Amino acid sequence: MYNSETLCVEESMHVKFGDKEPGSETPEQDESFADIQVTEDTPEPDQTNDSEDSPKAETTSEAQDEVASDEAQDGSRQANQSKNTFNYKSSHPEDQIIGNKDSPRRTRSYFRQEESMIGLLSVIEPATVDEALSDGGWILAMQEELNQFQRNDVWDLVSKPHQKNIIGTKWVFRNKLNEQS
Amino acid sequence: MNKARLVAQGYIQQEGIDYTETFAPVARLEAIRLLLSHVINHGIILYQMDVKSVFLNGVIEEEVYVKKPPGFEDLKHPDHVYKLKKSLYGLKQAPRAWYDKLSNFLIKNHFKRG
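Since this is a predicted model, take the numbers as computed values, not measurements.

Kindly report on the sheet that holds strand β2 (residues 65-66) of chain B, identifying the contributing residues and their values.
Sheet architecture is open: four strands sit in the order β5(A)-β3(B)-β2(B)-β6(A), paired in mixed fashion. A single partner strand is all that each edge strand has here, and the edge strands are β5 (155-159) and β6 (166-167) of chain A. By the bridge criterion, two bridges tie β2(B) to strand β3 (residues 80-84) of chain B in an arrangement that is antiparallel. In the strand pairing of β3(B), V66(B) is matched with Y82(B).

Quick rundown of the interface of chain A and chain B? Include the residues and the values.
Bring the parts together and some accessible area is lost; that lost area is often taken as the interface size. Contact with chain A, which involves 35 residues of that partner, is made by 40 residues of chain B. Surface buried jointly by chain A and chain B totals about 3,900 Å² across both partners, of which 61% is contributed by carbon and sulfur atoms. At the boundary of chain A and chain B, one finds three salt bridges. One salt bridge connects K85(B) with D153(A), and the closest N-O pair in it is separated by 2.8 Å. Counting every contact that joins chain A to chain B gives 20 residue pairs in polar contact (both at pLDDT 80 or more). Contributions of two or more residues to the side of chain A that touches chain B are made by α4 (129-133), α5 (136-151), β5, β6 and β7 (169-175) of chain A. Residue contributions to the side of chain A that touches chain B peak at nine residues, all from α5(A). Residue composition of the side of chain A that touches chain B, grouped by class: 17 nonpolar, nine polar and nine charged. Of the strand pairs in this sheet, β6(A) and β2(B) are connected by two bridges, and their pairing is parallel. Looking across to β2(B), one finds that I166(A) is bridged to Y65(B).

Reading the values: rules and limits
Residues numbered from 1 in each chain as written. Chains lettered and ligands numbered in written order. Predicted model: local features only at pLDDT ≥ 70, side-chain atom pairs only at ≥ 80, totals over all residues. Heavy atoms only, no water. Pairing = 2+ DSSP bridges. Helix = DSSP H or I, 4+ residues; strand = E, 2+ residues; numbered from the N terminus. Contact = heavy atoms within 4.5 Å. Buried area = accessible area lost by both parts, 1.4 Å probe. Salt bridge = Lys/Arg side-chain N within 4 Å of Asp/Glu carboxyl O. Polar contact = N/O pair within 3.5 Å; in protein donor to acceptor, adjacent residues only side chain to side chain. Nonpolar A, V, L, I, M, F, W, Y, C, P; charged D, E, K, R; others polar.

Here it is, written out as C-alpha coordinates:
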(Lines give C-alpha, C1' and ligand atoms only; values in the text may rest on other atoms or scores of the structure.)
Protein backbone atom coordinates (compact mmCIF):
# COMPACT_ATOMS: atom_id res chain seq x y z
CA MET A 1 0.00 0.00 0.00
CA TYR A 2 1.40 3.37 -0.96
CA ASN A 3 1.16 5.82 1.87
CA SER A 4 1.11 9.28 0.34
CA GLU A 5 1.97 10.90 3.66
CA THR A 6 5.16 9.02 4.36
CA LEU A 7 5.92 8.47 0.67
CA CYS A 8 6.66 4.85 1.45
CA VAL A 9 5.21 1.61 0.32
CA GLU A 10 4.19 -0.19 3.45
CA GLU A 11 2.32 -3.27 4.48
CA SER A 12 -0.82 -2.71 6.40
CA MET A 13 -3.55 -4.65 8.11
CA HIS A 14 -5.98 -1.84 7.53
CA VAL A 15 -7.21 -2.83 4.12
CA LYS A 16 -10.91 -2.76 3.51
CA PHE A 17 -12.63 -4.60 0.75
CA GLY A 18 -15.77 -2.71 0.04
CA ASP A 19 -17.85 -5.14 -1.95
CA LYS A 20 -20.94 -3.18 -1.29
CA GLU A 21 -23.68 -4.90 -3.27
CA PRO A 22 -22.60 -8.36 -4.28
CA GLY A 23 -26.02 -9.13 -5.64
CA SER A 24 -26.01 -6.34 -8.20
CA GLU A 25 -23.22 -7.79 -10.32
CA THR A 26 -21.53 -11.10 -10.77
CA PRO A 27 -18.30 -11.01 -8.79
CA GLU A 28 -16.45 -12.83 -11.61
CA GLN A 29 -16.75 -9.75 -13.76
CA ASP A 30 -14.95 -7.43 -11.44
CA GLU A 31 -12.10 -9.72 -10.60
CA SER A 32 -9.81 -6.93 -11.71
CA PHE A 33 -9.70 -4.49 -8.85
CA ALA A 34 -12.39 -4.42 -6.29
CA ASP A 35 -12.18 -1.21 -4.41
CA ILE A 36 -9.38 -1.52 -1.97
CA GLN A 37 -9.28 1.35 0.37
CA VAL A 38 -7.13 2.49 3.20
CA THR A 39 -9.22 3.10 6.27
CA GLU A 40 -9.10 6.78 5.38
CA ASP A 41 -11.53 8.52 3.12
CA THR A 42 -10.74 7.46 -0.41
CA PRO A 43 -13.89 7.71 -2.47
CA GLU A 44 -15.07 4.24 -3.42
CA PRO A 45 -14.32 3.60 -7.05
CA ASP A 46 -17.00 2.08 -9.23
CA GLN A 47 -16.94 -1.67 -9.05
CA THR A 48 -16.97 -2.09 -12.81
CA ASN A 49 -13.73 -0.16 -13.12
CA ASP A 50 -10.76 -2.16 -14.20
CA SER A 51 -7.49 -1.67 -12.39
CA GLU A 52 -6.15 1.02 -14.75
CA ASP A 53 -9.03 3.39 -14.12
CA SER A 54 -9.16 2.98 -10.39
CA PRO A 55 -7.61 5.93 -8.56
CA LYS A 56 -5.72 3.66 -6.20
CA ALA A 57 -4.03 1.82 -9.05
CA GLU A 58 -2.40 5.00 -10.28
CA THR A 59 -0.50 5.47 -7.12
CA THR A 60 0.65 1.92 -6.58
CA SER A 61 3.65 0.38 -8.25
CA GLU A 62 3.09 -2.51 -10.61
CA ALA A 63 4.33 -5.15 -8.24
CA GLN A 64 2.09 -3.83 -5.52
CA ASP A 65 -0.72 -3.73 -8.00
CA GLU A 66 -0.51 -7.45 -8.58
CA VAL A 67 -0.46 -8.27 -4.93
CA ALA A 68 -3.31 -5.93 -4.30
CA SER A 69 -5.54 -7.34 -6.99
CA ASP A 70 -4.76 -10.84 -5.79
CA GLU A 71 -5.96 -9.82 -2.40
CA ALA A 72 -8.94 -8.19 -3.99
CA GLN A 73 -9.89 -11.37 -5.78
CA ASP A 74 -9.49 -13.29 -2.61
CA GLY A 75 -11.69 -10.78 -0.87
CA SER A 76 -14.40 -10.83 -3.47
CA ARG A 77 -14.40 -14.61 -3.50
CA GLN A 78 -14.88 -14.62 0.21
CA ALA A 79 -17.62 -12.10 -0.11
CA ASN A 80 -19.31 -14.26 -2.67
CA GLN A 81 -19.42 -17.19 -0.30
CA SER A 82 -21.02 -15.42 2.55
CA LYS A 83 -23.01 -12.79 0.66
CA ASN A 84 -23.89 -9.81 2.79
CA THR A 85 -22.73 -11.15 6.11
CA PHE A 86 -19.56 -9.02 6.21
CA ASN A 87 -17.78 -6.33 4.29
CA TYR A 88 -14.46 -6.32 6.09
CA LYS A 89 -11.71 -8.88 6.04
CA SER A 90 -8.04 -8.93 6.75
CA SER A 91 -6.70 -11.53 4.37
CA HIS A 92 -3.15 -10.60 5.18
CA PRO A 93 -1.35 -13.29 7.20
CA GLU A 94 -0.32 -11.87 10.52
CA ASP A 95 3.21 -13.25 10.37
CA GLN A 96 3.89 -11.17 7.27
CA ILE A 97 3.28 -7.89 9.02
CA ILE A 98 6.48 -5.95 9.44
CA GLY A 99 6.73 -4.18 12.77
CA ASN A 100 4.14 -3.88 15.46
CA LYS A 101 0.65 -3.87 14.02
CA ASP A 102 -0.76 -2.18 17.11
CA SER A 103 1.59 0.76 16.91
CA PRO A 104 -0.21 4.06 16.43
CA ARG A 105 -0.37 5.86 13.13
CA ARG A 106 2.83 7.67 12.29
CA THR A 107 2.82 11.00 10.52
CA ARG A 108 5.53 12.95 8.76
CA SER A 109 6.61 14.71 11.92
CA TYR A 110 7.87 11.40 13.21
CA PHE A 111 10.34 11.14 10.38
CA ARG A 112 11.22 14.81 10.55
CA GLN A 113 12.46 14.27 14.06
CA GLU A 114 14.56 11.35 12.92
CA GLU A 115 16.23 13.53 10.34
CA SER A 116 17.10 16.22 12.81
CA MET A 117 18.71 13.59 14.98
CA ILE A 118 21.22 12.89 12.25
CA GLY A 119 22.64 16.37 12.69
CA LEU A 120 23.01 15.84 16.40
CA LEU A 121 25.12 12.74 16.01
CA SER A 122 28.23 14.72 15.21
CA VAL A 123 27.64 17.20 18.01
CA ILE A 124 29.34 17.01 21.35
CA GLU A 125 28.10 19.61 23.79
CA PRO A 126 29.27 19.69 27.37
CA ALA A 127 26.45 19.32 29.87
CA THR A 128 28.17 21.04 32.80
CA VAL A 129 30.62 23.89 33.28
CA ASP A 130 33.23 21.57 34.74
CA GLU A 131 33.11 19.54 31.56
CA ALA A 132 33.57 22.67 29.46
CA LEU A 133 36.35 24.00 31.69
CA SER A 134 38.43 20.90 30.95
CA ASP A 135 38.38 21.64 27.22
CA GLY A 136 40.51 24.44 25.80
CA GLY A 137 38.11 25.08 22.93
CA TRP A 138 35.18 25.67 25.23
CA ILE A 139 37.21 27.88 27.59
CA LEU A 140 38.03 29.98 24.56
CA ALA A 141 34.35 30.17 23.63
CA MET A 142 33.43 31.32 27.15
CA GLN A 143 36.25 33.86 27.14
CA GLU A 144 34.98 35.16 23.81
CA GLU A 145 31.50 35.61 25.27
CA LEU A 146 32.90 37.53 28.25
CA ASN A 147 34.90 39.73 25.87
CA GLN A 148 31.62 40.48 24.15
CA PHE A 149 30.28 41.58 27.56
CA GLN A 150 33.22 43.92 27.94
CA ARG A 151 32.79 45.43 24.48
CA ASN A 152 29.11 46.07 25.13
CA ASP A 153 29.77 47.43 28.63
CA VAL A 154 27.24 45.03 30.05
CA TRP A 155 27.94 45.11 33.76
CA ASP A 156 29.94 46.47 36.72
CA LEU A 157 31.40 44.45 39.56
CA VAL A 158 29.94 45.72 42.82
CA SER A 159 29.89 44.49 46.40
CA LYS A 160 26.84 42.46 47.26
CA PRO A 161 23.85 44.72 47.95
CA HIS A 162 21.51 44.02 50.87
CA GLN A 163 17.96 42.88 50.38
CA LYS A 164 18.27 42.53 46.63
CA ASN A 165 17.33 39.65 44.44
CA ILE A 166 20.53 38.23 42.95
CA ILE A 167 19.83 36.35 39.74
CA GLY A 168 21.86 33.27 38.94
CA THR A 169 23.75 32.83 35.70
CA LYS A 170 24.32 29.73 33.66
CA TRP A 171 26.45 28.77 30.69
CA VAL A 172 24.76 27.34 27.65
CA PHE A 173 26.97 25.47 25.20
CA ARG A 174 26.09 25.04 21.55
CA ASN A 175 27.76 23.65 18.49
CA LYS A 176 26.91 25.98 15.66
CA LEU A 177 26.55 24.25 12.33
CA ASN A 178 26.61 27.56 10.48
CA GLU A 179 26.98 31.24 11.30
CA GLN A 180 23.25 31.95 11.25
CA SER A 181 21.75 29.52 13.70
CA MET B 1 32.21 26.03 15.80
CA ASN B 2 31.76 26.21 19.54
CA LYS B 3 29.59 28.85 21.08
CA ALA B 4 29.22 29.55 24.77
CA ARG B 5 26.48 31.88 25.94
CA LEU B 6 25.98 33.19 29.44
CA VAL B 7 22.33 33.38 30.32
CA ALA B 8 20.52 34.76 33.35
CA GLN B 9 18.08 32.58 35.20
CA GLY B 10 15.27 35.01 34.67
CA TYR B 11 12.62 32.69 36.03
CA ILE B 12 13.35 33.89 39.57
CA GLN B 13 12.74 37.52 38.59
CA GLN B 14 9.73 39.08 40.24
CA GLU B 15 7.37 41.33 38.36
CA GLY B 16 7.32 44.92 39.60
CA ILE B 17 10.65 44.49 41.37
CA ASP B 18 13.07 43.07 38.84
CA TYR B 19 11.15 44.02 35.72
CA THR B 20 8.12 45.95 34.58
CA GLU B 21 7.65 45.97 30.80
CA THR B 22 8.18 42.81 28.83
CA PHE B 23 6.23 43.43 25.64
CA ALA B 24 8.25 43.26 22.44
CA PRO B 25 6.81 42.76 18.96
CA VAL B 26 8.27 40.08 16.73
CA ALA B 27 7.94 39.66 12.98
CA ARG B 28 5.49 37.04 11.86
CA LEU B 29 6.06 35.00 8.74
CA GLU B 30 3.05 36.67 7.10
CA ALA B 31 4.56 40.11 7.64
CA ILE B 32 7.84 39.02 6.10
CA ARG B 33 6.03 37.63 3.05
CA LEU B 34 4.12 40.88 2.70
CA LEU B 35 7.35 42.84 2.86
CA LEU B 36 9.02 40.63 0.26
CA SER B 37 6.16 40.96 -2.22
CA HIS B 38 6.07 44.74 -1.71
CA VAL B 39 9.81 44.91 -2.30
CA ILE B 40 9.53 42.93 -5.52
CA ASN B 41 6.60 45.00 -6.82
CA HIS B 42 8.46 48.27 -6.31
CA GLY B 43 11.94 47.14 -7.30
CA ILE B 44 13.33 48.01 -3.89
CA ILE B 45 16.68 46.65 -2.80
CA LEU B 46 16.37 44.76 0.47
CA TYR B 47 19.20 44.13 2.89
CA GLN B 48 19.28 41.57 5.63
CA MET B 49 21.33 42.24 8.72
CA ASP B 50 22.25 40.34 11.81
CA VAL B 51 23.14 41.82 15.18
CA LYS B 52 25.63 39.78 17.13
CA SER B 53 24.73 39.16 20.76
CA VAL B 54 21.72 41.34 20.19
CA PHE B 55 20.38 41.33 23.73
CA LEU B 56 23.64 42.65 25.11
CA ASN B 57 22.78 45.91 23.33
CA GLY B 58 19.55 46.61 25.17
CA VAL B 59 19.84 49.12 27.98
CA ILE B 60 18.32 47.89 31.22
CA GLU B 61 16.21 50.32 33.26
CA GLU B 62 15.73 48.30 36.41
CA GLU B 63 18.30 47.56 39.07
CA VAL B 64 19.29 43.97 38.37
CA TYR B 65 22.15 42.04 39.95
CA VAL B 66 23.53 38.76 38.70
CA LYS B 67 25.96 36.24 40.10
CA LYS B 68 29.37 35.76 38.59
CA PRO B 69 29.57 33.33 35.69
CA PRO B 70 30.24 29.78 36.90
CA GLY B 71 33.89 28.86 36.46
CA PHE B 72 34.96 32.51 36.32
CA GLU B 73 34.61 33.44 39.95
CA ASP B 74 36.85 36.22 41.25
CA LEU B 75 38.91 34.91 44.15
CA LYS B 76 39.75 38.42 45.32
CA HIS B 77 36.13 39.44 45.57
CA PRO B 78 34.23 36.25 46.32
CA ASP B 79 31.14 38.11 47.54
CA HIS B 80 30.86 40.59 44.73
CA VAL B 81 28.09 40.50 42.18
CA TYR B 82 27.53 42.20 38.84
CA LYS B 83 25.15 45.09 38.43
CA LEU B 84 23.70 45.05 34.94
CA LYS B 85 23.75 48.00 32.58
CA LYS B 86 22.71 46.02 29.53
CA SER B 87 20.29 43.16 29.36
CA LEU B 88 21.27 39.52 29.37
CA TYR B 89 19.80 36.52 27.60
CA GLY B 90 17.22 34.95 29.84
CA LEU B 91 16.07 38.13 31.55
CA LYS B 92 12.37 38.86 31.30
CA GLN B 93 12.98 42.36 29.98
CA ALA B 94 15.72 41.43 27.50
CA PRO B 95 13.58 41.38 24.32
CA ARG B 96 11.85 44.57 25.41
CA ALA B 97 15.15 46.36 26.07
CA TRP B 98 16.42 45.54 22.60
CA TYR B 99 13.13 46.61 21.01
CA ASP B 100 13.37 50.01 22.75
CA LYS B 101 16.92 50.47 21.57
CA LEU B 102 16.15 49.54 17.97
CA SER B 103 12.95 51.55 17.64
CA ASN B 104 14.58 54.62 19.21
CA PHE B 105 17.37 54.40 16.69
CA LEU B 106 14.99 54.03 13.77
CA ILE B 107 12.78 56.92 14.86
CA LYS B 108 15.83 59.13 15.35
CA ASN B 109 16.80 58.31 11.79
CA HIS B 110 13.45 59.48 10.40
CA PHE B 111 11.77 56.15 10.11
CA LYS B 112 8.07 56.25 10.88
CA ARG B 113 6.16 53.75 12.93
CA GLY B 114 3.36 52.18 10.87
